[in-house]
Amino acid sequence: DNIQDSSRNLQSEKLIVGPFCRDVGFLRRCLLARNNDFDKALALATLCIRWREKVQPSTLTVKDFPTANSQQVYAFAGHAKNGWPVLLVKSCRWNPWKFSVAEYVRQLSFMIETMERSSADPLTRAYIVFDMRDMSYR
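Residues numbered from 1 in each chain as written. Predicted model: local features only at pLDDT ≥ 70, side-chain atom pairs only at ≥ 80, totals over all residues. Heavy atoms only, no water.

This part covers the pairing of strand S1 (residues 74-79). Across four bridges, the pairing between S1 and strand S2 (residues 85-90) is antiparallel. Among the inter-strand pairings, Phe 76 is bridged to a residue of S2, identified as Leu 87. Between S1 and S2, which pair antiparallel in sequence order, lie five residues; one of them, Gly 83, sits at a positive phi of approximately 95°. (Pairing = 2+ DSSP bridges. Helix = DSSP H or I, 4+ residues; strand = E, 2+ residues; numbered from the N terminus.)

This is the structure we're talking about:
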């Protein structure tokens, strides 16, 4: 009941809440992230919604982060046997000094949003595999 009530409360604020607020999984993730402290979870949900208003991750495409995408660091690698999405990270290709923080935020937002949409798990868990071969530090 608290989850449904908070969904209605968030929607009554002047925030664009979209489907992620009506999604019980979103509110559960906020509760888990804040150790089931309801007030802190509600505060986190509000921050997330405001961030989503600004960045609009569900509308992003690879054209929104061309330099970061051209490095081909991140690749969606399908799903594990348990249904969780798998993200492959080729660390040796990552050159963050070649693009802005804003572009990197758009890229990660796109990848997370894509994995979340592809997941059957309501808590949206994922495997992230880091390939550290040939990685060096400048």
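Moving on: the nonpolar core. General note: in soluble globular proteins, nonpolar side chains tend to be found buried as a group. Core analysis: the largest hydrophobic core is formed by twelve residues, namely Val 55, Leu 60, Phe 65, Ala 68, Val 73, Tyr 74, Leu 87, Val 89, Phe 99, Phe 110, Met 111 and Met 115. Within the residue set of this core, elements represented by two or more residues are S2 and helix H6 (101-118). Sort the elements by how many residues they give to this core and H6 lands first, with three residues. Contacts of Phe 99, omitting those with residues within four sequence positions, involve Thr 67, Ala 68, Gln 71, Trp 94 and Tyr 104. If you look at the next biggest cluster of nonpolar residues, it comprises eight residues, including Cys 30, Leu 31, Ala 45 and Ile 49. (Core = buried A, V, L, I, M, F, W, Y, C linked by side-chain atoms within 4.5 Å. Buried < 20%, exposed > 50% of the residue type's maximum accessible area, 1.4 Å probe, protein only. Contact = heavy atoms within 4.5 Å.)

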